[in-house]
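An overview of the molecular structure
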Amino acid sequence: VGSIGLRTRRMRAVLSALPSRALVVAAGLGGIIALATVGESAPHLVSGLALVDVNIWFEEAELKRLHAALIERTTRVETSDQITNALAAAHPGEPAPADQQRLLTAFTQQQDGRLAWRGDPKALESTDLFDQQERLGTSAARISAPVVLMRGSLNETISNERLLRMQAMIKGSEIVEIAGAGH
């Protein structure tokens, strides 16, 4: 279930079912899936892509650290401080989230008082990103739709150099950097 191939097939099915071409806005892993889907087989299904905090080059240790932090911040937790601490561990060089109420919108409070993530639990399963870097690079180079690549200026996970490298691969893409924002 963690495979990029399965996720791209699902996205392609959703895009195919729409009555008109979509402008896809996606972040993180969702952006990687959108990039792979459009680059491999669905350029005719989108009018454009806005990719936020998307990186297609990975260090294995970085992926493991980010996956562990994702699990920690999305499994049932007791306080918003635990969520903030997990985010700080995932992105140690970035400022900790200041607005805990905003973070809590992604969680529901259970009857026992603990917090549970509202997202799809399948997203927590391991992916094969490390093994898919060549495929993702090829997909990026095949994209013909308009693309905006966005990142927060404080985001240490995706460097400006990586974003410029991706921009060079995706013809006509543009970069938008959001000053003072992290991941």
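Residues numbered from 1 in each chain as written. Predicted model: local features only at pLDDT ≥ 70, side-chain atom pairs only at ≥ 80, totals over all residues. Heavy atoms only, no water.

Reading across from one edge, S1-S2-S5-S6 is the order of the four strands in this open sheet, with parallel pairing throughout. The outermost strands of the open sheet, each flanked by one partner alone, are strand S1 (22–27) and strand S6 (174–178). The average angle at which neighbouring strand axes cross in this sheet is 15°, direction not considered. Pairing between strand S5 (residues 147–152) and S6: five bridges, direction parallel. Bridging across to S6, arginine 151 finds its partner in glutamate 177. Against the sheet, helix H2 (residues 28–40) engages S1 and strand S2 (46–52), with an angle of about 140° to S1. (Pairing = 2+ DSSP bridges. Helix = DSSP H or I, 4+ residues; strand = E, 2+ residues; numbered from the N terminus. Axes fitted to C-alpha atoms, helices over the stretch in contact; angles between N-to-C directions. Contact = heavy atoms within 4.5 Å.)

We now examine the packing of aromatic side chains. This model, assessed by the stated rule, comprises zero aromatic pairs. Across the ring face of tryptophan 57, the terminal group of arginine 165 is positioned such that the distance to the ring centre comes to 3.9 Å. (Phe/Tyr/Trp six-rings, centres within 6.5 Å; stacked < 30°, edge-to-face > 60°. Lys NZ or Arg CZ within 6 Å of the ring centre and 35° of its normal.)

Before going further, it helps to spend a moment on the nonpolar core. In terms of nonpolar packing, the biggest core is built from 31 residues, with Val24, Leu35, Leu49, Leu51, Leu136, Met166 and Ile170 touching the most fellow members. Counting only elements with at least two residues in this core, the list comes to helix H1 (4–17), S1, H2, S2, helix H6 (133–142), S5 and helix H7 (160–169). No other element matches H2, which puts six residues into this core. With residues near it in sequence (within four places) discarded, valine 24 still touches Met11, Leu15, Ala34, Val46, Gly48, Leu49 and Ala50. One finds Val77, Leu87, Phe107 and Leu115 within the second-largest nonpolar core, a separate group that totals six residues. (Core = buried A, V, L, I, M, F, W, Y, C linked by side-chain atoms within 4.5 Å. Buried < 20%, exposed > 50% of the residue type's maximum accessible area, 1.4 Å probe, protein only.)

Right, let's get into the environment of serine 16. By the element assignment, serine 16 lies in helix H1. When the C-alpha positions of serine 16 and alanine 42 are compared, they lie 8.5 Å apart, and in sequence the two are 26 residues distant. At a separation of 2.8 Å, a polar atom in the side chain of serine 16 contacts the main-chain carbonyl oxygen of arginine 12. (Polar contact = N/O pair within 3.5 Å; in protein donor to acceptor, adjacent residues only side chain to side chain.)

The subject of this paragraph is the confidence of the model for the chain. Note that predicted coordinates carrying low pLDDT should not be read in detail. With 87% of its residues at a pLDDT of 70 or more, the chain has an overall mean of 83. Ranking the elements of the chain by mean pLDDT puts helix H3 (residues 60–74) last, at 69, and S2 first, at 96. (pLDDT = per-residue confidence, 0-100.)

With respect to the secondary-structure elements, asparagine 55 resides in the loop between S2 and H3. A relative accessible area of 4% means that asparagine 55 is categorised as buried. Here the side chain of asparagine 55 touches tryptophan 57 through a polar contact of 2.5 Å, landing on its backbone oxygen. Those residues in contact with asparagine 55, other than ones at most four positions away along the chain, are Ile32, Thr157, Ile158, Arg162 and Met166.

Time to look at H6. Among the residues making up H6, those that are buried are Gln133, Leu136, Gly137, Ser139 and Ala140. One face of H6 carries all of its buried residues, which in axial projection span an arc of 160°. For H6, exposure combined with an orientation more than 90 degrees from the buried face picks out Glu134 and Arg142. Looking at the buried residues of H6, the elements they touch are H2 and H7. (Arc of directions from axis to C-beta.)

The full count for this structure, using the stated rule, is two salt bridges. Two residues, glutamate 40 and arginine 135, come together in a salt bridge whose shortest N-O distance is 2.5 Å. Of this pair, glutamate 40 sits in helix H2 while arginine 135 sits in helix H6, placing them 95 residues apart in sequence. Accessibility expressed as a relative area gives 26% for arginine 135, which makes it partly exposed. Salt-bridge contacts for arginine 151 lead to glutamate 177; the nearest nitrogen and oxygen are separated by 2.4 Å. Remark: glutamate 177 occurs in strand S6 and arginine 151 occurs in strand S5; sequence separation between them is 26 residues. On the accessibility criterion, arginine 151 (6% relative accessible area) is buried. (Salt bridge = Lys/Arg side-chain N within 4 Å of Asp/Glu carboxyl O.)

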